[in-house]
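Notes for the structure review
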Amino acid sequence: MAIRIITDSAADYSAQEIEKRQITCIPMTVTFGSKEYLDGRDITKDQFFKLLTEGEDFPKTSQPSPSCFLECFEEAKKAGDSVIAILISSALSGTFQNAVLAKDMADYEDIFIVDSKIATLGMRILVDRAVKMRDAGHTAQEITTELEKIIPRLRLFAGLDTLEYLAKGGRLSKTTAALGNLANLKPIITFTEEGGITLCGKQMGIRHACRQAAKLTMADEPDMDWPLYLLYAYDQKNCAAFLHTLQKSGLKLDTPKVRGIGPIIGTHIGTGAFGVVYVAKE
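From a predicted model like this one, the values you see are computed outputs, not experimental measurements.

1. A short note on unusual backbone geometry
- Positive phi is not limited to glycine here, since glutamine 22 has a value of about 55°.
- Considering the arrangement of structural elements, one finds glutamine 22 in the loop between α1 (15–21) and β2 (24–26).
- Phi at aspartate 107 is positive, roughly 55°, even though this residue is not glycine.
- A residue is classified by how much of its surface remains accessible, and aspartate 107, at 60% relative accessible area, is exposed.

As structure tokens, this is what we get:
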């Protein structure tokens, strides 16, 4: 009996990374105007950001339907395999709930659905841990129990370069965004314990935003026995400045893991964002 590990495209894996890990990635949908794209299949990260910055239409994202999960679950049931689905925070998307519905429809108990309570590279930390444990011979229950212990320790701090896309997505008034951009205001966001996104700081200019994000990171100290990822949205310039600030703050990063985010989170934060994802010390 094998263990099948499933995630969704908010984890921002490339096709090569998915194949290497022998996992399944359920794509979310990105819509520009009347044209729909399956994230990671029909559209690349660079193509997405090009449409975002140069196109006329603002994108919309939508979660996979229960039927997308049901197909995977029924295949596993037929083969007698276990399933672990590690999904984007239920506070951000209905993906988790649709997977739960699909499990009920499949009427198969050997399915474990994990609410990551985070997104993008935070999901990657969980999925990679699950893959490592699967390959070491652990059971699906053992893996799920381990992941549930890690989730409260996951941290993400990100600085936004613009408020434009939060306004376009309806998460901020256009007036507030315009005033903030005029003042060169750079908000810093993080995830709550419940998996929602909240503002944890704001600074005038990228340099000060990098300093505050680094201060927040060092105050909630990373456990360097786990991977630490630096993230960027399309343009790496601000991420490079943040890396330099982290290193000046005393964080030892000999070989930084730098990854670009994709359409699902990129829709809301736009280009130029930077951040860090890690597991905090216990």
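2. Quick look at helix α9 (residues 206–219)
- Between the first and last C-alpha of α9 there are 20 Å, a value that for 14 residues agrees with the 20 Å anticipated at 1.5 Å per step.
- Every buried residue belonging to α9 is among Ile206, Ala209, Cys210, Gln212, Ala213, Ala214 and Thr217, and all of these are buried.

3. Focus: the packing of α9 against helix α10 (residues 237–248)
- The N-to-C vectors of α9 and α10 enclose an angle of 50°; their axes lie 9 Å apart at closest approach. Accordingly, the angle class assigned to the pair α9 and α10 is oblique. The interaxial crossing formed by α9 with α10 has right-handed handedness. Here Ile206, Cys210, Arg211, Ala213, Ala214 and Thr217 of α9 lie close against α10, whose contacting residues are Asn238, Ala241, Phe242, Thr245 and Leu246.
- Looking at side-chain class alone, the contact of α9 with α10 contains 7 nonpolar, 3 polar and 1 charged residues.

4. So, helix α2 (residues 45–54)
- Residues Phe48, Phe49 and Leu52 constitute the buried set of α2. End-on, the buried residues of α2 take up no more than an arc of 90°, which puts them together on one face. Residues of α2 that are exposed and angled more than 90 degrees away from the buried face: Asp46 and Glu54.

What counts as what
- Residues numbered from 1 in each chain as written.
- Predicted model: local features only at pLDDT ≥ 70, side-chain atom pairs only at ≥ 80, totals over all residues.
- Heavy atoms only, no water.
- Helix = DSSP H or I, 4+ residues; strand = E, 2+ residues; numbered from the N terminus.
- Buried < 20%, exposed > 50% of the residue type's maximum accessible area, 1.4 Å probe, protein only.
- Expected span 1.5 Å × (residues − 1).
- Axes fitted to C-alpha atoms, helices over the stretch in contact; angles between N-to-C directions.
- Parallel < 35°, antiparallel > 145°, perpendicular 65-115°, else oblique.
- Left-handed = near helix turned anticlockwise from the far one by under 90°.
- Contact = heavy atoms within 4.5 Å.
- Nonpolar A, V, L, I, M, F, W, Y, C, P; charged D, E, K, R; others polar.
- Arc of directions from axis to C-beta.

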